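Read off the chains here:
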Amino acid sequence: TNHAAEYYEKIIKLEPQNKEALKKLAAFREGIGDYKMQAEYLEKIVEADSKDLETVKTLARAYERIKANKKAIEAYRKADVLKPDHVWTIRHLATCHRQLRDFATALEYYRKAFDADLAKAVNDGYASSWGKLFGDIVGGAVKLAFYVATWPLQFCGFVVDVLNSLTNRVTKYYDFRET
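In short, a report on the structure. It should be emphasised that the depicted structure is a prediction, and the values quoted were computed from it without experimental measurement.

1. Comments concerning the packing of aromatic side chains
Item 1. Enumeration over the complete set of coordinates arrives at 2 aromatic pairs.
Item 2. A ring pair is formed by Tyr 7 and Tyr 8, whose centres lie 5.3 Å apart and whose planes are at 70°; its orientation type is edge-to-face.
Item 3. Classification of Tyr 7 by relative accessible area gives exposed; the value is 52%.
Item 4. On the basis of relative accessibility, which here comes to 22%, the residue Tyr 8 falls in the partly exposed class.
Item 5. Where Tyr 76 meets Trp 88, the ring centres are 5.9 Å apart and the plane angle is 70°; that geometry is what we call edge-to-face. Taken together, the residues span a long stretch of sequence, with Tyr 76 in helix H5 (residues 69–82) and Trp 88 in helix H6 (residues 87–99) at a distance of 12 residues.

This is the structure we're talking about:
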């Protein structure tokens, strides 16, 4: 509510680095869709405590929501240092690179996220070592099936972006030839 936000604003005026008040205000701003202000509050927390993984990830997500993808990538990389090879972080790194039209890097991150997710599934007993039993062909098919089943929207979004990019380039080429 606005009354709670006003209360936490007063606390911030008295104690500018009050982590709990900053977190509450950031959550309030997220709740009303004001991601830019959310990011500002979270930046203050991360400045004081750069090892707070959840706050770093939330800051990265806020940047992503306001289309500040370069800042989001920087924050997701910090999160990846704090907890290496976390699938959620890697997948968001891929998405940010895709938004910046850096398709090669996006694809690398999608592959890395897929491999980390598959490794977790194998370690947790949800998948077996099909590749060892039936060779690389079956292993590749299992990986592809798992990938498509796990992230159809990410995969389709990536393919659509690549096709749109190619279509735009071909259109520009033909427009150029006609002039």
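2. Comments concerning the nonpolar core
Item 1. Ranked by internal contacts, the top residues of the largest apolar core, which has 35 residues, are Leu 59, Tyr 63 and Tyr 76.
Item 2. Setting aside anything within four residues of it in sequence, one finds Leu 59 in contact with Ala 39, Leu 42, Glu 43 and Val 46.

3. Focus on the pattern of salt bridges
Item 1. Counted according to the given criterion, the structure contains 8 salt bridges.
Item 2. The partner of Asp 52 in a salt bridge is Lys 19, and the shortest N-O contact between them spans 3.2 Å. Pair noted here: Asp 52 is in the loop between helix H3 (35–48) and helix H4 (53–65) and Lys 19 is in helix H2 (residues 19–31), with a separation of 33 residues, a long-range link.
Item 3. On the basis of relative accessible area, Asp 52 is assigned to the buried category, the value being 12%.
Item 4. Residue Lys 19 is classed as partly exposed on the basis of its relative accessible area, which comes to 29%.

4. Details of unusual backbone geometry
Item 1. Phi at Asp 85 is positive, roughly 60°, even though this residue is not glycine.
Item 2. Of note, Asp 85 is situated in the loop between H5 and H6.
Item 3. Residue Asp 85 is classed as partly exposed on the basis of its relative accessible area, which comes to 43%.
Item 4. With a phi close to 65°, Arg 101 is a non-glycine residue in the positive phi region.
Item 5. Mapped onto the elements of the fold, Arg 101 is located in the loop between H6 and helix H7 (103–123).
Item 6. Note on Arg 101: relative accessible area 44%, which makes it partly exposed.

5. Focus: the environment of Tyr 76
Item 1. Given a relative accessible area of 0%, Tyr 76 falls into the buried group.
Item 2. Taking the C-alpha atoms as reference points, Tyr 76 and Arg 91, 15 residues apart in sequence, are found 9.8 Å from one another.
Item 3. Of the polar contacts made by the side chain of Tyr 76, one reaches the side chain of Glu 64; its length is 2.6 Å.

6. Section: the side chain of Thr 55
Item 1. Position of Thr 55 among the secondary structure elements: in helix H4.
Item 2. With a relative accessible area of 4%, Thr 55 lands in the buried category.
Item 3. At 2.7 Å, the side chain of Thr 55 and the side chain of Asp 52 are in polar contact.
Item 4. In this view, Thr 55 contacts Lys 23, Leu 42, Ile 45 and Val 46; residues no more than four positions away in its chain are not counted.

7. A closer look at the environment of Glu 47
Item 1. Its place among the elements puts Glu 47 in helix H3.
Item 2. Along the chain, Glu 47 and Gln 17 lie 30 residues apart, while their C-alpha atoms are 9.4 Å from each other.

8. So, the packing of helix H1 (residues 2–14) against H2
Item 1. Taken N-terminus to C-terminus, the directions of H1 and H2 make an angle of 145°; their axes are 9 Å apart at the nearest point. The way H1 lies across H2 gives a crossing that is left-handed. Where H1 approaches H2, its residues Asn 2, Ala 5, Tyr 8, Glu 9, Ile 11 and Ile 12 are matched on the opposing element by Ala 21, Leu 22, Lys 24, Leu 25, Phe 28 and Arg 29.
Item 2. Split by residue class, the contact of H1 with H2 holds 8 nonpolar, 1 polar and 3 charged.

Rules used throughout
Residues numbered from 1 in each chain as written. Predicted model: local features only at pLDDT ≥ 70, side-chain atom pairs only at ≥ 80, totals over all residues. Heavy atoms only, no water. Phe/Tyr/Trp six-rings, centres within 6.5 Å; stacked < 30°, edge-to-face > 60°. Buried < 20%, exposed > 50% of the residue type's maximum accessible area, 1.4 Å probe, protein only. Helix = DSSP H or I, 4+ residues; strand = E, 2+ residues; numbered from the N terminus. Core = buried A, V, L, I, M, F, W, Y, C linked by side-chain atoms within 4.5 Å. Contact = heavy atoms within 4.5 Å. Salt bridge = Lys/Arg side-chain N within 4 Å of Asp/Glu carboxyl O. Polar contact = N/O pair within 3.5 Å; in protein donor to acceptor, adjacent residues only side chain to side chain. Axes fitted to C-alpha atoms, helices over the stretch in contact; angles between N-to-C directions. Left-handed = near helix turned anticlockwise from the far one by under 90°. Nonpolar A, V, L, I, M, F, W, Y, C, P; charged D, E, K, R; others polar.

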